[in-house]
Amino acid sequence: MNEQSILAIVERHRHRDGPLIEVLHEVQEQFGCIPAGAVAAIARGLNLSRAEVHGVVSFYHHFRTRPAGRHLLQVCRAESCQAAGGRAIEAHAKQRLGIDFGQTTADGRFTLEAVYCLGLCACSPAAMLDHEVHGRVTRESLDALVDAAAKAG
Amino acid sequence: MNVTVWVPGDAGALALGAQATAQALVAGARAAGTEVRLRRNGSRGLYWLEPLIEVETPAGRVAYGPVRASDVPALLASGLLDGRAHPLRLGDIEQHPWLATQQRLTFARVGRIDPLDLAAFRAAGGYRGLARALELGPEATVNEVLESGLRGRGGAAFPTGIKWQTVLRQPPGRKYITCNADEGDSGTYSDRMLMEGDPFTLIEGMTIAGVAVGATRGYIYLRVEYPHAFRVLNAAIAKAREAGGLLGADVMGSGLAFDLEVRLGAGAYICGEETSMLESLEGRRGEVRVRPPLPAEKGLFGAPTIVNNVITLATVPTILANGATAYKDYGQARSRGTLPLQLAGNIRRGGLVERAFGLTVRELLEDYGGGSMSGRPIRAVQIGGPLGAYLPVSQFDTPLEYEALSAIGALLGHGGVVAFDDTVDMLEMARYAMEFCAIESCGKCTPCRIGSVRGAEALAAVGRGEDRDRQLALVEELCDTMLNASLCGLGGMTPFPVQSAMKHFAEDFRGRTRGG
Ligand SMILES: Cc1cc2nc3c(=O)[nH]c(=O)nc-3n(C[C@H](O)[C@H](O)[C@H](O)COP(=O)(O)O)c2cc1C
Ligand code: SF4
Ligand code: FES
């Protein structure tokens, strides 16, 4: 990350009403997270206090302060998926990757996250891997997804 | 030879492999010397048959489903591209009883057209509602919405016309139309389906709202979990702008301006609550605002603001195009029109059922749902998302209608119905409801922030059989405080699933063995 690129992002959104969250989305898109150093630059660029920016970053589950692994596996924990056997899928994902929700594997390959409904409840249990959606997930199909992703790098 | 085949681009269909199916189809046909012209539609909402593909033949569209990529070679060999017989052949999907018995008004075009084909949208009745609103003018347009009996489909069921009237009555000046597309409730996906399958309807509905109340700017607040909808909406907005005056400085030659943009949320359930959503749109923490003032008086950036759900806004065009009376003729009592119900959870035939209000829970679960996916008896349903009550079998004859549900202490919410079979542990579902509230609380009030944590702990203790009576009494007490001392529905309604589970499934709280 360099301050220049953060300021360039800020510059693109400054004219908009209520730009902070838009800026954070773009920073995270570009850098994989909201790096600690970015907060001060964003605050300066948008004329906010650092506490305000930090407050927003910490409020929203989507914003992360450390980069995720190379692959992001999001498993739905909400009711419809639970009703369709989702708890077994949650447990399997944790066991398979050897990590808990919110953690990244030691090799930096996978981050596992809990999500609360992906709008795929007619095909529960559901998961998202690197923004690709998957429904009626089974232990086997989850393994296949993880294997394919691991092979890709 | 050249054949047109429709394969849904809807996220639900993609989650079931529609993209692989599409690729197999194009490649397989090409190998046999036929070019497939692939067209993408939304989902018809029969998710149990997705990927559901439709082949254009001289006799009309012929559907097949569910078609996995591995089914494609055999299908092609038996004459799929001529619409020939095969065990997966469904024929004209609109004649399928699951769809033919529905009353699709809001979802009339979803699954039928290419979501980004503006000409097809117009040919299928699009922009007639806006044309009529421009003819009628603001007062009469608002009256039409009022007359239709439309109530907000986001959960609170407030009469839409009254909300619009309040904003119309505010002095001229900056006003906003905001669309709540946060759709956080488990078991719901109608917003997503509509945005992905017929985005111009939402754009038209928001534009009608704009011309009706004198707002020139709109925002769609979309949850970040919906990347497909994000792409479709942005593409549709760009098209509406380009296409000469559907959005922009001069809407349909009226001299009135209206434009809109999509803003992404960031994974906070509470931002579906309207004032939290406004805070988030302003770029702040999504903390709930104290009312009054109402958003209709002082909303986004302090200006009068309409906040409506996706389905509410997307229903306005049909109301304007066909008149309030035509809409009001559907439904019963104070629940007028149609409701897109969403069947989810442990269910054999899950999907979207748009019908006039009044279908019973049982009819939905049995006639449409076909019972549980597991084949075991359905033991409970949760209606209306994570803040909705759990219903036992003895309440399955309740009509899916606002007042009937409220009479049994339940709510319709956004119309999601999640089925659970008899392996469900209702104590665990109650504990989860408290946990969810703790995770998603905006932190502003103590009963919600702390009460939910303590509630989850107490229910976990009950599960371990520790000090059961005292813990259950504590949960009752916490629910009482949350009900009465929360600023918004997250803290205020989490007691609904908890208390309904305790009341109707008491055995699970008294040491019933799981799966028994
Ligand atoms: C905790 C909470 C979450 C909510 N989530 C949503 C949501 O995701 N989408 C929605 O349209 N309304 C949601 N609502 C209801 C909104 O506050 C508001 O009533 C609605 O957006 C108004 O639009 P309508 O009148 O068209 O329904 C939620 C309410 C609460 C209390
Ligand atoms: S009830 Fe909970 S979510 Fe609602 S305002 Fe209070 S703390 Fe925030
Ligand atoms: S509850 Fe898991 S996708 Fe909706």
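It should be noted that the structure appears before, not after, this text.
This write-up is about the structure you can find in this document. From a predicted model like this one, the values you see are computed outputs, not experimental measurements. (Residues numbered from 1 in each chain as written. Chains lettered and ligands numbered in written order. Predicted model: local features only at pLDDT ≥ 70, side-chain atom pairs only at ≥ 80, totals over all residues. Heavy atoms only, no water.)

## What to know about the overall build of chain A
The helix and strand inventory of chain A stands at 7 helices and 4 strands. N-terminal to C-terminal, the α/β element order of chain A is α-α-α-α-β-α-α-β-β-β-α. Each of the three principal axes of chain A carries a C-alpha extent, and together these read 50 × 30 × 20 Å. Out of the 153 residues in chain A, the part that is buried amounts to 54%. In chain A, 59% of the contacts between residues at least 6 apart in sequence involve partners at least 24 apart. For chain A, the computed accessible surface area is about 6900 Å², with 49% contributed by carbon and sulfur atoms. (Helix = DSSP H or I, 4+ residues; strand = E, 2+ residues; numbered from the N terminus. Buried < 20%, exposed > 50% of the residue type's maximum accessible area, 1.4 Å probe, protein only. Contact = heavy atoms within 4.5 Å. Areas by Shrake-Rupley, 256 points an atom, 1.4 Å probe, with all protein chains shown as cover.)

## Remarks on the site of ligand 1
Residues and elements named next belong to chain B. Contacts to ligand 1 come from 21 residues, most closely from Gly-154, Asn-180, Asn-308, Asn-309 and Thr-312. Gly-272 places a main-chain nitrogen or oxygen 3.2 Å from a nitrogen atom of ligand 1. Burial of ligand 1 by the surrounding chains reaches 91%, relative to a free accessible area of 610 Å². Going through the elements one at a time, β9 (305-309) and α20 (489-493) are the ones with two or more residues in the shell around ligand 1. (Near = heavy atom within 4 Å. Polar contact = N/O pair within 3.5 Å; in protein donor to acceptor, adjacent residues only side chain to side chain.)

## A word on the interface of chain B and chain A
Taken together, the contact pairs 62 residues of chain B with 37 residues of chain A. Here chain B packs against chain A, burying approximately 3700 Å² in sum over the two surfaces, 57% of which is carbon and sulfur. Taken as a group, B:Ala266, B:Arg285 and B:Tyr432 account for 16% of the area that chain B buries against chain A, more than any other trio of residues on that side. Connecting chain B to chain A are 3 salt bridges. (Buried area = accessible area lost by both parts, 1.4 Å probe. Salt bridge = Lys/Arg side-chain N within 4 Å of Asp/Glu carboxyl O.)

## Focus on the sheet that holds strand β15 (residues 390-392) of chain B
All names here are of chain B. On the basis of which strands lie adjacent, the open sheet formed by 5 strands has the order β13-β12-β16-β14-β15 and mixed pairing. Whereas interior strands pair on both sides, the edge strands pair on one side only; in this sheet they are β13 (351-356) and β15. For this sheet, the mean angle separating the axes of adjacent strands, direction not counted, is 30°. Pairing between strand β14 (residues 378-383) and strand β16 (residues 416-421): 5 bridges, direction antiparallel. Directly across from Ala-380, in β16, lies its bridge partner Phe-420. Contacting β14 and β15, helix α21 (residues 495-504) crosses the sheet at an angle of about 20° to β15. (Pairing = 2+ DSSP bridges. Axes fitted to C-alpha atoms, helices over the stretch in contact; angles between N-to-C directions.)

## Quick notes on the environment of B:Ser486
As for its placement among the helices and strands, B:Ser486 is situated in the loop between α19 (468-485) and α20. Within the local environment of B:Ser486, its side chain forms a polar contact with the backbone oxygen of B:Met482, the two atoms lying 2.7 Å apart.

## Topic: unusual backbone geometry
All names here are of chain B. Residue Gly-65 is joined to Pro-66 through a cis peptide bond whose omega torsion reads -10°. Counting through the fold element by element, Pro-66 comes out in the loop between β4 (60-64) and α3 (72-77). Here the amide bond leading from Pro-292 into Pro-293 is cis, since omega sits at 0°, within 30 degrees of zero. Relative to the helices and strands, Pro-293 resides in the loop between α12 (274-281) and β9. The phi angle at Tyr-127 is positive, at roughly 65°, despite the residue not being glycine. Inspection of the secondary structure puts Tyr-127 in the loop between α5 (118-123) and α6 (128-136). Phi is positive for Ala-333, which is not a glycine, with a value near 45°. On the secondary structure map, Ala-333 appears in the loop between β10 (331-332) and β11 (335-336). The exposed category is assigned to Ala-333, whose relative accessible area is 55%.

## Considerations on a nonpolar patch on the surface
A cluster of nonpolar side chains, namely B:Leu146, B:Phe158 and B:Ile162, defines an oily patch on the protein surface of about 230 Å² accessible area. Note on B:Ile162: relative accessible area 36%, which makes it partly exposed. (Patch = residues over 30% accessible without salt bridge, like charges linked within 9 Å, V, L, I, M, F, W, Y side chains within 5 Å.)

## What to know about the packing of aromatic side chains
Per the counting criterion, the structure on display carries 14 aromatic pairs over all chains. Measuring from centroid to centroid gives 5.6 Å for A:Tyr116 and B:Phe436, while their planes differ by 55°, and the two rings are tilted. Within this pair, whereas A:Tyr116 is found in the loop between β2 (110-115) and β3 (127-129), its partner B:Phe436 is found in helix α17 (residues 426-440), the two belonging to separate chains. The class for A:Tyr116 is buried, based on a relative accessible area of 15%. Exposure remark for B:Phe436: the relative accessible area of 4% places this residue in the buried category. Ring centres 5.0 Å apart and planes at 70° place the aromatic pair B:Tyr269 and B:Phe436 in the edge-to-face group. Here the residue B:Tyr269 occupies a position in the loop between β8 (259-264) and α12, and B:Phe436 occupies one in helix α17, the gap between them amounting to 167 residues. Side by side, B:Tyr269 and B:Phe436 carry an identical accessibility label, which is buried. Among the aromatic residues, those joined into a ring-pair cluster are A:Tyr116, B:Tyr269, B:Tyr432 and B:Phe436. When the ring centre of B:Tyr226 is taken as reference, the NZ or CZ atom of B:Arg223 above it lies at 4.9 Å. (Phe/Tyr/Trp six-rings, centres within 6.5 Å; stacked < 30°, edge-to-face > 60°. Lys NZ or Arg CZ within 6 Å of the ring centre and 35° of its normal.)

## A short note on the packing of α6(B) against helix α10 (residues 199-213) of chain B
Residue and element names in this part refer to chain B. Interhelical geometry of α6 versus α10 gives an angle of 5° and a closest axis separation of 9 Å. Taken together, the axes of α6 and α10 are roughly parallel relative to one another. Here Arg-128, Gly-129, Leu-130, Ala-133 and Leu-134 of α6 come into contact with α10, specifically with Glu-204, Thr-207, Ile-208 and Val-211. Along the lines of polarity and charge, the residues of the contact of α6 with α10 split into 5 nonpolar, 2 polar and 2 charged. (Parallel < 35°, antiparallel > 145°, perpendicular 65-115°, else oblique. Nonpolar A, V, L, I, M, F, W, Y, C, P; charged D, E, K, R; others polar.)

## Structural notes on the nonpolar core
Core analysis: the biggest nonpolar cluster contains 148 residues, and A:Ile42, A:Tyr60, B:Trp164 and B:Leu202 have the highest contact counts within it. When residues no more than four places from it in sequence are discounted, the contact partners of B:Trp164 are B:Val142, B:Val145, B:Ile208, B:Ala209, B:Ala212, B:Val213, B:Ile306, B:Asn308, B:Leu313 and B:Val316. Grouped together as the second largest cluster of nonpolar side chains are 33 residues, B:Ala63, B:Trp98, B:Leu359 and B:Val361 included. (Core = buried A, V, L, I, M, F, W, Y, C linked by side-chain atoms within 4.5 Å.)

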